[in-house]
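Now for the letters of each chain:
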Amino acid sequence: MSERIDYNQVAPRGAKALGGVHLYVSQSGLSPALLTVVYLRVSLINGCAYCIDTHSRELRELGISNEKIALVPVWHEAGELFDNRERAALAWAETVTRISETGAPDSDYEAASAHFDAKELVDLTIAIGLMNAYNRMAISFRATPDAVHGHNSSR
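Residues numbered from 1 in each chain as written. Predicted model: local features only at pLDDT ≥ 70, side-chain atom pairs only at ≥ 80, totals over all residues. Heavy atoms only, no water.

### Remarks on the packing of aromatic side chains
Alright, step 1. Tallied over the entire structure, the rule returns 2 aromatic pairs.
Alright, step 2. Between the aromatic rings of Y7 and F141, the centroid separation amounts to 6.0 Å while the plane-to-plane angle is 45°, which identifies the pairing as tilted. Here Y7 is found in helix α1 (residues 7-10), whereas its partner F141 is found in the segment after α9 (118-140), with 134 residues between them in sequence. (Phe/Tyr/Trp six-rings, centres within 6.5 Å; stacked < 30°, edge-to-face > 60°. Helix = DSSP H or I, 4+ residues; strand = E, 2+ residues; numbered from the N terminus.)

Pasting the structure below:
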């Protein structure tokens, strides 16, 4: 597959606006590892090769084991490998990413609220929405994963 449009070049102000949201989330107080595991899960759900590659690399750079990264798609079967906050964030990420199917039921909201205060939950939801937007950009315009080019470092 080849890239259709380099959206960062074509619409730099739009890309910068998304980058501003990313900066906000990265400074929200949620841990980088938690955010990145959520970004990976959202990207796996959406089938975004570019983002799966990027966030897997970022998790390795953060010191997350290859075994844990490999089990992100089946986190609910990974026992204590994921802590309670991570499991709550991953469950909320799945609910929000699949919102047209789930409707974000009260039970899912209450489960997430048990592990995140109101601001954390809003910030987490912004992060999930942002990754869904990035996935849609990368998939729609066929962003090529670094792995395809043989790059070993993340962007």
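So that's the structure; there's more coming.
### Structural notes on a nonpolar patch on the surface
Alright, step 1. On the surface, V21, Y24, V122 and I126 cluster together into a nonpolar patch covering about 300 Å² of accessible area.
Alright, step 2. For the nonpolar patch, the secondary-structure elements that each account for two or more residues are α2 (12-26) and α9.
Alright, step 3. On the secondary structure map, V122 appears in helix α9. (Patch = residues over 30% accessible without salt bridge, like charges linked within 9 Å, V, L, I, M, F, W, Y side chains within 5 Å. Areas by Shrake-Rupley, 256 points an atom, 1.4 Å probe, with all protein chains shown as cover. Salt bridge = Lys/Arg side-chain N within 4 Å of Asp/Glu carboxyl O.)

### Brief notes about helix α3 (residues 32-46)
Alright, step 1. Between the first and last C-alpha of α3 there are 21 Å, a value that for 15 residues agrees with the 21 Å anticipated at 1.5 Å per step.
Alright, step 2. Looking at α3, one finds that the buried residues are L34, L35, T36, V37, V38, Y39, L40, R41, V42 and S43.
Alright, step 3. Next to the buried residues of α3 lie α2, α4 (49-61), α5 (66-70), α6 (84-97) and α9.
Alright, step 4. Positive phi appears at G47, one or two residues downstream of α3, with a value of about 70°. (Expected span 1.5 Å × (residues − 1). Buried < 20%, exposed > 50% of the residue type's maximum accessible area, 1.4 Å probe, protein only. Contact = heavy atoms within 4.5 Å.)

### Points about unusual backbone geometry
Alright, step 1. Phi angles above zero are rare outside glycine, and A104 is one such case at about 50°.
Alright, step 2. Looking at A104, the relative accessible area reads 24%, which means it is partly exposed.
Alright, step 3. Even without being a glycine, R142 presents a positive backbone phi close to 60°.
Alright, step 4. Its place among the elements puts R142 in the segment after α9.
Alright, step 5. Taking the relative accessible area as the measure of exposure, R142 reaches 24% and is therefore partly exposed.

### Points about the side chain of N135
Alright, step 1. Tracing the chain through its elements places N135 in helix α9.
Alright, step 2. Aside from chain neighbours lying at most four places away, what touches N135 is V42, S43, N46, C48 and C51.

### Some remarks on the pattern of salt bridges
Alright, step 1. On inspection of all chains with the given rule, the structure shows 5 salt bridges.
Alright, step 2. Here R57 ties to D53 by a salt bridge, and the two come within 2.9 Å at their closest N and O atoms. Remark: D53 and R57 occur in helix α4; sequence separation between them is 4 residues, near one turn of the helix.
Alright, step 3. Taking the relative accessible area as the measure of exposure, R57 reaches 7% and is therefore buried.

### Considerations on the packing of α6 against α9
Alright, step 1. With their axes 10 Å apart at the nearest point, α6 and α9 run at an angle of 50° to one another. As the angle between them shows, α6 and α9 are arranged oblique. In the crossing of α6 with α9, the sense of the turn from one axis to the other is right-handed. On the side of α6, the interface is formed by R85, A89, W92, A93, V96 and T97, while α9 contributes E120, L121, L124, T125, I128 and N132.
Alright, step 2. Looking at the contact of α6 with α9 residue by residue, the class counts come to 7 nonpolar, 3 polar and 2 charged. (Axes fitted to C-alpha atoms, helices over the stretch in contact; angles between N-to-C directions. Parallel < 35°, antiparallel > 145°, perpendicular 65-115°, else oblique. Left-handed = near helix turned anticlockwise from the far one by under 90°. Nonpolar A, V, L, I, M, F, W, Y, C, P; charged D, E, K, R; others polar.)

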